[in-house]
Amino acid sequence: MNRETSDLAAALRPRLPSPLQPVEDERFERHGVRLLLKRDDLIHPDLPGNKWRKLAPNLRAAAGRPVLTFGGAYSNHLRATAAAGRLLGFPTIGVVRGDELARRPLNPSLSRCAADGMRLLFADRAAYRAKGDPDMLARFLRDAGAAADDVYVVPEGGSNALAAQGCTELGRELRDHDEHIDVVAVACGTGGTLAGLAAGLGEGQRAIGFPVLRGGFLGEAIRTLQHEAFGGPAGGWSLDDRFHFGGYARTSPGLDAFARDFEERHGLSVERLYVAKALYGLGVLAAEGAFPAGSTVVAVVTGRDHGSAQASSR
């Protein structure tokens, strides 16, 4: 651990490595599959899960400068960035998708961002889609009253090369664990966690990603991230895009029932927009015989449930 890493860890005191929790679930056991939960949601109360792993290297690169980043109305990434700004004492700016939100009361997620000191800029969807264009980024910076040289920009979801490199530690923790682990599963939004997770796993281990958005674009995004972070493909990974339940911030009665049942069986609050979809997908794959009998499968719990109001049913 270098000095900058050590200083950041000393300030935020993350719980690392995160615990690996076995769960006895007959829906997996009947197929000869052992299920473990990688409790990344316990890393930090304000920067849980992949938010810590992706943000930490970017915060070190920002070196105390204001951070501008992007997200939707219920973005966990925006919440984590705002919390980091409060805890570490640097300004944060959040560009939020949907200019109509500026005319409505803030939802609980955006209210938390504002309470943590984040300046919120609401962008119409056309402008938000063009956020990677230098001219559009310059417009956002002007609207925030910030100079480009003074601001550190983090992409939507926090996924960039630094984030992917940060997530390799997740793979290494599972590679080096005393448990024999065959497969690691994670829900995916922008792909940074899966890109780094796969790179950190050991020989014979593989990662499965469950996209929570529709569109089929994530594979190319992950390949690009791995090229930028590691110089090319790294580790074994695949995607199964059957379990987005209509897209981001969408659920279904069936998914909600599954999540409630899992909570009752195991005494664990299940976040609906990411974690529930990964667990559901794993259960289907186990029933389909995707894992040989005797396999140990890990589901990464990437975040906490912030309330069912975030999600809408189809």
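Everything here concerns the structure above.
Just so it is clear, the model here is predicted, and its values are computed rather than measured.

Examining the sheet that holds strand S3 (residues 67-71)
Two modes of strand pairing occur in sheets, parallel and antiparallel, and in both the strands are linked by backbone hydrogen bonds.
Thought 1: Taken in spatial order, the four strands line up as S5-S4-S3-S6 in an open sheet, and their pairing is parallel. The open sheet has two free edges, formed respectively by strand S5 (119-123) and strand S6 (152-153), since each of these has just one partner strand.
Thought 2: With two bridges joining them, S3 and S6 adopt parallel strand pairing. Bridged to Leu68 within S6 is Val153.

As for unusual backbone geometry
Residues other than glycine predominantly adopt negative phi, and peptide bonds predominantly adopt the trans conformation.
Thought 1: At the junction of Leu16 and Pro17, the peptide bond is cis and its omega measures out at -5 degrees in the coordinates.
Thought 2: Mapped onto the secondary structure, Pro17 falls in the loop between helix H1 (3-12) and strand S1 (20-23).
Thought 3: Of note, Arg13 is a non-glycine position whose phi angle comes to about 50 degrees, a positive value.
Thought 4: Along the polypeptide, Arg13 turns up in the loop between H1 and S1.
Thought 5: Not every positive phi belongs to a glycine, and Ala63 is a case in point at roughly 55 degrees.

Notes on the packing of aromatic side chains
Thought 1: Evaluated as defined, the whole model comprises seven aromatic pairs.
Thought 2: The interplanar angle of 40 degrees and the centroid separation of 6.1 Å between the aromatic rings of Phe258 and Phe262 together place this pair among those described as tilted. Residue Phe258 and its partner Phe262 are both found in helix H11 (residues 253-266); the two are separated by four residues, about one turn of the helix.
Thought 3: Given a relative accessible area of 0%, Phe262 falls into the buried group.
Thought 4: Here the guanidinium or amino end of Arg97 rests over the ring plane of Tyr128, the centre of that ring lying 5.4 Å away.

What counts, and at which threshold
Residues numbered from 1 in each chain as written. Predicted model: local features only at pLDDT ≥ 70, side-chain atom pairs only at ≥ 80, totals over all residues. Heavy atoms only, no water. Pairing = 2+ DSSP bridges. Helix = DSSP H or I, 4+ residues; strand = E, 2+ residues; numbered from the N terminus. Phe/Tyr/Trp six-rings, centres within 6.5 Å; stacked < 30°, edge-to-face > 60°. Buried < 20%, exposed > 50% of the residue type's maximum accessible area, 1.4 Å probe, protein only. Lys NZ or Arg CZ within 6 Å of the ring centre and 35° of its normal.

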